[in-house]
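Summary of the model geometry
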Amino acid sequence: MRKLIEYLIKNALIVNLVSVSVIIAGLLFMFNANREAFPQVDFGWVMIQTVYPGATPVDVEKLVSKPIEDQLREVNNIKQISSYSLESISFIACELDPDIKNKDKTVQLIKDAVAKVNDLPEEAEDPEVTELSMAEIPVLRVSIANKNGIKSDNEEFELRHYAKRLEDQLMMLEGAAEIKKNGYRDREMHVEVSLDKLDEYYVALNTITGALGAKNLNFPGGIAQENNEDVIIRTIGEFNTAEEISDVAIRANDVGGVVKIGDVASVRDTLKKEDIINKVNGARSITMTLISRENYDIITLVQKAREMVSSFEEGLPDKYEITITDDLSKYVQRRLDVLKGNGLVGIILVVLSLFIALGWRISLVTAAGLPIAFAGTFWFMGVQDISINLMSMFALIMVLGMLVDDAIIVAENIYRHLEEGEPLLEAVVGGTHEVMIPVAGTIMTTVAAFAPLLFMGGIMGKFMWALPACVTIALTMSWIESMLILPSHIYDIEKYYKKREEYFEKKKTKQKKKEAKSSPFRLRKRYTSLLALFLKNKLIFMVLLIAFFVGSVGFAIKQIEFKLFPGGGIEACVVLMEAAPGTSLEAMDAKV
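Note that the structure is a prediction, hence the values are computed from the model and not measured.

**Describing the overall build of the protein chain**
- On a plain count of helices and strands, the protein chain comes out with 23 helices and 15 strands.
- Against the 2.2 N^0.38 benchmark of 25 Å for 592 residues, the protein chain shows a C-alpha radius of gyration of 37 Å, more extended than a compact globule.
- In terms of its C-alpha atoms, the protein chain occupies a principal-axis envelope of roughly 125 × 70 × 55 Å.
- When each of the 592 residues of the protein chain is scored for burial, the buried share is 35%.
- Look at the contacts in the protein chain between residues 6 or more apart in sequence, and 74% of them connect residues 24 or more apart.
- Each charge class in the protein chain was averaged separately, 65 positive and 79 negative side chains, and the resulting centres sit 16 Å apart.

Here's what the structure looks like:
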């Protein structure tokens, strides 16, 4: 190792090229990395939801949950299956084996198993299989509302039209994975039959349903050949308007008499009965939730979405307004700003502390290692696909002061060798090699404190992994920089600064002047006298320190309350209201 240090000192060009390369690689990741609130975590859960309208919990359990559970037991790598049968709905949660090697294959097997369940009730909807993860997260909610209120279906149709246009434009944004709508009622055709007309025309109700089913078709009819060309045949007869339904023939006779649906019923183009009333600022609205694509910068996505919404709003009639809520990027940006601000202040304080304690030359040399250590850590984050989030940034801020410790020890030892009169090359090589193992020991003790977090299991382990990983790499990079890069920089600075004899003479003169002026810091004198007092009364101070430690632990156990996460300011409030059974949706809306 001594020969390697000497080689790098004599070939400073290699050291500088490596340093610049590491810094460039780190900067490339910084400017291209995704910014997120929290790291992407795979929870290892698959949720299966099945809607069975009007069914009791007992029926849901017997007819929906149990058949699906029986089919899921054939799938390997499922640790536990939990089911919740409620009124009209079934929830089944599958916890996957945490040591599974191919998670995507198991998820697909679960979907295939659910698809094989063929004895579900006809009234039940198809089961929906969803993998629980943070890959796709809601980043923004955009609501469009009629300020004058919605008084008819036509006004709601118009609102749906603008909401659909807004949804299409949001989906065109790069990084948008999905748009989920609330308050958007599906279109329905209501056929209201008159019993008197049925008796008048001698028409049965099932005749009407059969006529509608036979007419409302869309299915392939095969391939026919015409002029040596294949022609795809498809029957398309889906209804688009109420008039088309009214013109459907129910019955006809040989003399041309036809009974149509419009003769015995009235057809209305309306909307599905609402089971949820969606409002924003007291006005009925349609809310679109923008889901971010996996590994996409949500701050960039929200900025694009806001610009698009602002442009879209300019073309809306005055009676419509758009409201943006639940902007996740605001919290991410605020956290990153706090972390960046703390980091900048931390770097300034570190450099200032070095300048006061060691002088300007050593402080500049040691502080120059910070960008290299940080850039190397950022490069590692890019390789491991670790985004810039709360955990990774917290790790960097936490080790900020530790990164210069290695450089301080190496630089101070090198200058000690120089003060003893050793030649420059021998002082740099010997001073570095002398403290290599002790400095490595200081790094290893800190890494050992964080290493257990790397092997923590469960969701919390996946969530916390970035913290010990970034701390370990940052400290390792600081050791590499202080052992292989810093000596070369000190050698170059001392070589071209001044002759060694003039430097020492000037330093001795300054030291004498400094002692004569009696500097207000007087750090060395105060430390020396305090150390002498401790050494003179070793036993007494040792007992006092042990007593203070034991007392502080006892005080913490009895007086300090334990909380997993500290409390903070509340920025959102959720109000849950429950009315008497049987309360209609409209009555509940009036109460709210």
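**Examining the confidence of the model for the protein chain**
- Of all residues in the protein chain, 91% attain a pLDDT of 70 or more, and the chain-wide mean is 83.
- The least confident element of the protein chain is helix 20 (residues 500–517), whose mean pLDDT is 50; the most confident is strand 15 (residues 320–325), at 93.
- Counted against residues more than four places away or in other chains, residues 511–521, with its pLDDT under 50, gives four contacts.

**As for the side chain of Glu95**
- In this structure, Glu95 sits in strand 3 (residues 89–96).
- In this structure Glu95 touches Gly44, Trp45, Ile78, Lys79 and Gln80, once residues within four positions along its chain are discounted.

**A closer look at a nonpolar patch on the surface**
- A contiguous nonpolar surface patch, about 700 Å² in accessible area, is contributed by Val345, Leu349, Leu352, Phe355, Ile356, Trp360 and Leu364.
- Elements represented by at least two residues in the nonpolar patch include exactly helix 11 (328–358) and helix 12 (360–367).
- Per-element tally for the nonpolar patch: the top contributor is helix 11, with five residues.
- Structurally, the position occupied by Leu352 is in helix 11.
- Given a relative accessible area of 45%, Leu352 falls into the partly exposed group.

**A look at the nonpolar core**
- Ile144, Leu166, Leu170, Leu290, Ile322 and Leu403 are the most contacted members of the largest nonpolar core, which totals 63 residues.
- Contact partners of Leu290, with chain neighbours within four places excluded, come to Ile137, Pro138, Val139, Leu140, Ala176, Glu178, Ile179, Leu301 and Ala305.
- The next biggest cluster of nonpolar side chains, apart from the first, holds 21 residues, and it includes Tyr415, Ala427, Val428 and Tyr491.

**What to know about the environment of Ile276**
- Relative to the elements of secondary structure, Ile276 occurs in the loop between strand 12 (265–271) and strand 13 (279–280).
- For Ile276 and Tyr184, which are 92 residues apart along the polypeptide, the C-alpha to C-alpha distance reads 9.6 Å.

**What to know about the pattern of salt bridges**
- Counting across every chain of the model gives 21 salt bridges.
- Here Lys103 makes a salt bridge to Glu131, at a shortest N to O gap of 2.4 Å. Taken as a pair, Lys103 in helix 4 (residues 103–115) and Glu131 in strand 4 (residues 128–133) lie far apart in primary sequence, 28 residues in all.
- Note on Glu131: relative accessible area 30%, which makes it partly exposed.

**A few points about the side chain of Asp327**
- The residue Asp327 is located in the loop between strand 15 and helix 11 in this model.
- At a separation of 2.5 Å, a polar atom in the side chain of Asp327 contacts the side chain of Ser329.
- Those residues in contact with Asp327, other than ones at most four positions away along the chain, are Val139, Leu140, Val302 and Arg306.

**Comments concerning the pairing of strand 3**
- Where burial is concerned, most of strand 3 is hidden: seven out of the eight residues are buried.
- In terms of strand pairing, strand 1 (residues 42–51) meets strand 3 through seven bridges, oriented antiparallel. Note that in strand 3 the partner of Gln49 across the bridge is Phe91.
- Where strand 2 (residues 78–86) hands over to strand 3, the hairpin turn is made up of two residues, of which Ser88 adopts a positive phi near 75°.

**Describing the pairing of strand 14 (residues 283–292)**
- Burial analysis of strand 14 places nine of its 10 residues in the buried class, the great majority of the element.
- Across six bridges, the pairing between strand 6 (residues 176–182) and strand 14 is antiparallel. Bridge pairing links Ile179 to Leu290 in strand 14.
- The pairing of strand 13 with strand 14 spans two bridges and is antiparallel. Counted as the bridge partner of Lys279 is Arg284 from strand 14.
- Counting the residues between successive antiparallel strands, the hairpin from strand 13 to strand 14 contains two residues, one of them, Asn281, with a positive phi of roughly 55°.

**Focus on the sheet that holds strand 4**
- Overall, antiparallel pairing links the four strands, which are arranged 2-3-1-4 in an open sheet. Every other strand in the sheet has two partners, leaving strand 2 and strand 4 as the edge strands with one partner each. Here the average twist between neighbouring strands, direction ignored, is 20°.
- Where helix 3 (residues 57–72) meets the sheet, it contacts strand 1, strand 2 and strand 3, and its direction lies at approximately 165° from that of strand 2.

Reading guide: rules and limits
Residues numbered from 1 in each chain as written. Predicted model: local features only at pLDDT ≥ 70, side-chain atom pairs only at ≥ 80, totals over all residues. Heavy atoms only, no water. Helix = DSSP H or I, 4+ residues; strand = E, 2+ residues; numbered from the N terminus. Rg over C-alpha atoms; globule rule 2.2 N^0.38 Å. Buried < 20%, exposed > 50% of the residue type's maximum accessible area, 1.4 Å probe, protein only. Contact = heavy atoms within 4.5 Å. Lys, Arg positive; Asp, Glu negative; His and termini not counted. Charge placed at Lys NZ, Arg CZ, Asp CG, Glu CD. pLDDT = per-residue confidence, 0-100. Patch = residues over 30% accessible without salt bridge, like charges linked within 9 Å, V, L, I, M, F, W, Y side chains within 5 Å. Areas by Shrake-Rupley, 256 points an atom, 1.4 Å probe, with all protein chains shown as cover. Salt bridge = Lys/Arg side-chain N within 4 Å of Asp/Glu carboxyl O. Core = buried A, V, L, I, M, F, W, Y, C linked by side-chain atoms within 4.5 Å. Polar contact = N/O pair within 3.5 Å; in protein donor to acceptor, adjacent residues only side chain to side chain. Pairing = 2+ DSSP bridges. Axes fitted to C-alpha atoms, helices over the stretch in contact; angles between N-to-C directions.

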